[in-house]
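# Structure assessment
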Amino acid sequence: MRKILTLGVFLFSAFISVFTFSAEAEAGQYIRYSSYQGMRYVYLRDVGAYYGMKLQLAAKTCDIRSQYSNATFTYNRREGRINGIKVNFMFPSVVSGNEPMISEYDFLLLLDPILRNSVVKHKVGVIVIDPGHGGKDNGAQGRFYKEKDLNLMMAKRLKEILSAKGYMALLTRDRDMFLDLDTRPAKASAYKADLFISIHCNSAGNGASPINGVETFCLTPEGAPSTADAKAKTARKERGNAFNKNNILLGYCVQRGVLRNTGANDRGVKEARFSILKDAPCPAILVETGFLSNLTEERNLATRAYQDKIAQGIAEGVIAYHRSMSRK
Ligand SMILES: [Zn+2]
């Protein structure tokens, strides 16, 4: 507790000259906010109360929790968890006078879509699946396998599963062929996609690496920094930014589905400005299913059984997302 207090005193100067306002949220609950480094931050205690969740403080983290859900924040960092799944908040949480605060961006564009399904409701009929790379572009190279081939196998399996569930599932490529990055979202447009899911395998450094696990990317909202680069902010609004809230909910549902089915290491839901996500005509995500630079994970990703788990997990995520369309 001592640490928090010191931090609180330190940060207090950042707040002292700022008048604190109150905003009335939908449920008639007041969520106080304040300005920090030129941005609006909201009181986590009030955000918790808004969801019927209680604030709990620990040495390095704090969380809001109810019997149904919980969210954890790390002081001065962007890492957190929502119901056990790792998420990367856009801005660090801060503490002012022992009161944790989170950015309004993270409240409205990350926490709220996931905890309250506050997304744009739309039909989910056509799902375009994009196996990354192909043809002259091998993608990541494992010891024995090329990323482009594994991506295609998983994409085909996902198409089968989603088709069996009654969705119209289409692939951007159904064989080993080169597609440039513009063509992929353009195909999603041409097919009138309701969701766009790009499938990839990861790689870390040259040669074998212990790094392993699954991560799912959504387009970084305009005005926020990407996960890998806290400084890279841009206010430019891309086509895919029309679906900010839906993107994060889809990414969260799919990351959770894949982890449940594979038991893989959770590397989290992340934000990036990948071109296929920027140009997407509908809610879109990119799933990094595992590392070809990790010997065990490469071996797993090359088996039918593991590919099936990945595909089942993504499909479960899509179905969970679809269900949330009809939930208030
Ligand atoms: Zn790739």
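Report follows, based on the coordinates. (Residues numbered from 1 in each chain as written. Predicted model: local features only at pLDDT ≥ 70, side-chain atom pairs only at ≥ 80, totals over all residues. Heavy atoms only, no water.)

### Remarks on the coordination of the zinc ion
- With distances of 2.1 to 2.2 Å, the protein atoms coordinating the zinc ion are H133 (NE2), E147 (OE) and H200 (ND1).
- Linear spacing of the donor residues for the zinc ion on their chain is H-x13-E-x52-H. In this pair, H133 is assigned in the loop between β11 (126-131) and α4 (147-164) and E147 in helix α4, connecting sequence segments 14 residues apart.
- Taking relative accessible area as the criterion, E147 reaches 2% and is therefore assigned buried. (Donors = N, O, S within 2.8 Å, 3.2 Å for Na, K, Ca; no water. Helix = DSSP H or I, 4+ residues; strand = E, 2+ residues; numbered from the N terminus. Buried < 20%, exposed > 50% of the residue type's maximum accessible area, 1.4 Å probe, protein only.)

### A word on the packing of aromatic side chains
- Under the counting rule described, the total for this entry stands at eight aromatic pairs.
- Each ring, one from F73 and one from F89, has its centre 4.8 Å from the other, and the planes form 20°; the classification is stacked. Pair noted here: F73 is in strand β6 (residues 70-74) and F89 is in the loop between β8 (85-88) and β9 (94-96), with a separation of 16 residues, a long-range link.
- When the ring of F144 is compared with that of Y145, the centres are 6.4 Å apart and the planes differ by 70°; the resulting orientation is edge-to-face.
- What makes F144 exposed here is its relative accessible area of 62%.
- Clustering of aromatic rings is evident, with ring pairs tying together Y50, Y51 and F107.
- Taking the ring centre of Y43 as reference, the NZ or CZ of R32 above it sits at 4.3 Å.
- In this structure, K136 is placed above the aromatic ring of F178, and the distance from its NZ or CZ to the ring centre is 4.4 Å. (Phe/Tyr/Trp six-rings, centres within 6.5 Å; stacked < 30°, edge-to-face > 60°. Lys NZ or Arg CZ within 6 Å of the ring centre and 35° of its normal.)

### Overview of a positive patch on the surface
- On the surface, K121, K165, R323 and R327 cluster together into a patch of positive charge.
- Relative to the assigned elements, K121 resides in the loop between α3 (104-116) and β11. (Patch = residues over 30% accessible without salt bridge, like charges linked within 9 Å, V, L, I, M, F, W, Y side chains within 5 Å. Areas by Shrake-Rupley, 256 points an atom, 1.4 Å probe, with all protein chains shown as cover. Salt bridge = Lys/Arg side-chain N within 4 Å of Asp/Glu carboxyl O. Lys, Arg positive; Asp, Glu negative; His and termini not counted. Charge placed at Lys NZ, Arg CZ, Asp CG, Glu CD.)

### Some details on the environment of A49
- Looking at the element boundaries, A49 is found in helix α2 (residues 44-50).
- For A49, a relative accessible area of 35% translates into the label partly exposed.
- Along the primary structure A49 and Y30 are separated by 19 residues, whereas in three dimensions their C-alpha atoms are 8.9 Å apart.

### Quick word on the pairing of strand β7 (residues 79-82)
- Along β7, the buried face is formed by G80 and I82; none of E79 and R81, which line the opposite face, is buried.
- Two strands pair when backbone bridges link them, and β6 and β7 are joined in this way by three bridges, in the antiparallel orientation. Directly across from T72, in β7, lies its bridge partner R81.
- Adjacent in sequence and paired antiparallel, β6 and β7 are bridged by four residues, among which N76 carries a positive phi angle near 65°.
- Pairing between β7 and β8: four bridges, direction antiparallel. Residue pairing across strands places I82 opposite I85, the latter belonging to β8.
- Taken together, β7 and the strand that follows it, β8, pair antiparallel across an intervening segment of two residues, in which N83 is found at a positive phi of about 50°. (Pairing = 2+ DSSP bridges.)

### Considerations on the packing of helix α6 (residues 244-262) against helix α9 (residues 304-324)
- Relative orientation of the contacting elements α6 and α9 amounts to 140°, with a least axis distance of 7 Å. Classified by the angle their axes make, α6 and α9 are oblique. At the point where α6 passes α9, the crossing takes the right-handed sense. Seen from α6, the contacting residues are N246, L249, L250, C253, V254, R256, G257, V258, R260, N261 and T262; seen from α9, they are Y306, K309, I310, Q312, G313, I314, E316, G317, V318, A320, Y321 and S324.
- Here the residues of the contact of α6 with α9 are counted per class, giving eleven nonpolar, eight polar and four charged. (Axes fitted to C-alpha atoms, helices over the stretch in contact; angles between N-to-C directions. Parallel < 35°, antiparallel > 145°, perpendicular 65-115°, else oblique. Left-handed = near helix turned anticlockwise from the far one by under 90°. Contact = heavy atoms within 4.5 Å. Nonpolar A, V, L, I, M, F, W, Y, C, P; charged D, E, K, R; others polar.)

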